[in-house]
Amino acid sequence: MKMTIAAKKRLEGYTFILPGFIYILVVLGYPLVYNVILAFRNVNVKTFKSGTDVFVGLQNFIDLFHDPTFLMVFKNTFVFTIGCLVFQFTIGFVFALFFSKKFTLAGPIRGMILVGYMMPMSVSALLGKNMFDVSSGVINDLFMKLHLIQQPAEWLLKGNTAMAAIIAVNCWVGIPFNMLLLTSGLTGISQDVYESAEVDGATPLQKFLHITLPLMKPAIASVLMLGFIYTFKAFDLQFVMTSGGPLNATDVLGTYSYTLSFTQYEFSKGSAAAIVLFCCLFIVGLFYLRMISKEDD
């Protein structure tokens, strides 16, 4: 029986995507499944060598949520994520509104702001670590010259200031990302709407509240959801700047899972922490997809 033209085209399409599908299955699928298996067993450095690990069900998750350190890390993750979202979204929105206006040097200035977004996160983290260094950091030098502090501050050696420093560096990276997406949303708003509002006597504030914000709702939702996902799973920034210290004050789920697995060799508990991280992002992703489907309807 001869194949139809449509069946041949479908087969050709499957042939083209097969290598990519196999690659994703091996590189992403296998580690994910193996991580889930580890989370339900008691694999550590002792049982891994002897092969005596057994199935323990939800015990690893129960142990995690009874561990004060994990609860603090869980809280840190949300504090870091929400803190970054508030600042980088607000500043990014202001920049998007500012650069949506046509003026001299708008392009070059916007390009300079994008440098932080284009740099690898590990490089930005190393730069931030040097900037907040006690002895040679430019932040201490600047604040002392402005007489805001009398002696060099130990930014990365105290819990509250270390978290604030990490949030500041992450915002430096995230602000251009927010600005780009929000600028694209602003360009989709027709100028005729603003001109009609001006004819009716609307003030700039009224135009922003009753035209810009409602029409920007899809773009704002996308920026917030994507920003939450990218920030919540942060790892390299904390790992390079503070390694989760001092005393787990800047540890997040990503770094804590790494510490459990590759420093303390509690592989199953590390996998369980990674599953908690995955579940949080999965719930947010489902909420985002549901929101998009409602808007499409």
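First things first, this report covers the structure right here in the doc. It should be emphasised that the depicted structure is a prediction, and the values quoted were computed from it without experimental measurement.

1. Some thoughts on the nonpolar core
Part 1 of the reasoning: Among the nonpolar cores identified, the biggest contains 22 residues, and F61, L64, F70, F232, L253, Y256 and V276 are the most heavily contacted of them.
Part 2 of the reasoning: Mapped by element, the contributors of at least two residues to this core are α3 (59-65), α4 (68-99), α12 (217-232), α14 (253-262) and α15 (267-296).
Part 3 of the reasoning: The leading source of residues in this core is α15, at nine residues.
Part 4 of the reasoning: In contact with L64, not counting residues within four places along its chain, are F70, Y256, L260, K269, A272 and A273.

2. Considerations on the layout of surface pockets
Part 1 of the reasoning: Reported here for the largest pocket is a volume of approximately 450 Å³.
Part 2 of the reasoning: Considering the residues around the largest pocket, the lining is formed by 14 residues, among which S100, K101, Q191, Y194 and T212 are closest to the centre.
Part 3 of the reasoning: Counting residues per element, the ones that place at least two in the lining of the largest pocket are α9 (159-187), α10 (191-199) and α11 (204-215).

3. A short note on the packing of aromatic side chains
Part 1 of the reasoning: With the rule as written, the count across this model stands at 24 aromatic pairs.
Part 2 of the reasoning: Note on Y30 and Y34: the rings are 6.0 Å apart at their centroids and 15° apart in plane angle, and the pair reads as stacked. With Y30 and Y34 both in helix α1 (residues 5-39), this residue pair falls four residues apart, about one helical turn.
Part 3 of the reasoning: Judged by its relative accessible area of 38%, Y34 is partly exposed.
Part 4 of the reasoning: Plain terms: the ring middles of F40 and F61 are 5.6 Å apart, the flat faces sit at 50° to each other, and that makes the pair tilted. Pair noted here: F40 is in the loop between α1 and α2 (45-50) and F61 is in helix α3, with a separation of 21 residues, a long-range link.
Part 5 of the reasoning: The partly exposed category is assigned to F40, whose relative accessible area is 25%.
Part 6 of the reasoning: Taken together, the ring pairs in this structure connect F65, F70, F74, F78, F228, F232 and Y256 into an aromatic cluster.

What counts as what
Residues numbered from 1 in each chain as written. Predicted model: local features only at pLDDT ≥ 70, side-chain atom pairs only at ≥ 80, totals over all residues. Heavy atoms only, no water. Core = buried A, V, L, I, M, F, W, Y, C linked by side-chain atoms within 4.5 Å. Buried < 20%, exposed > 50% of the residue type's maximum accessible area, 1.4 Å probe, protein only. Helix = DSSP H or I, 4+ residues; strand = E, 2+ residues; numbered from the N terminus. Contact = heavy atoms within 4.5 Å. 1 Å grid on protein atoms, 1.4 Å probe; cavity = no way out; pocket = protein on both sides within 12 Å on 5 of 7 lines; lining within 4 Å. Points joined across faces, edges and corners; volume = space filled by probe spheres on them. Phe/Tyr/Trp six-rings, centres within 6.5 Å; stacked < 30°, edge-to-face > 60°.

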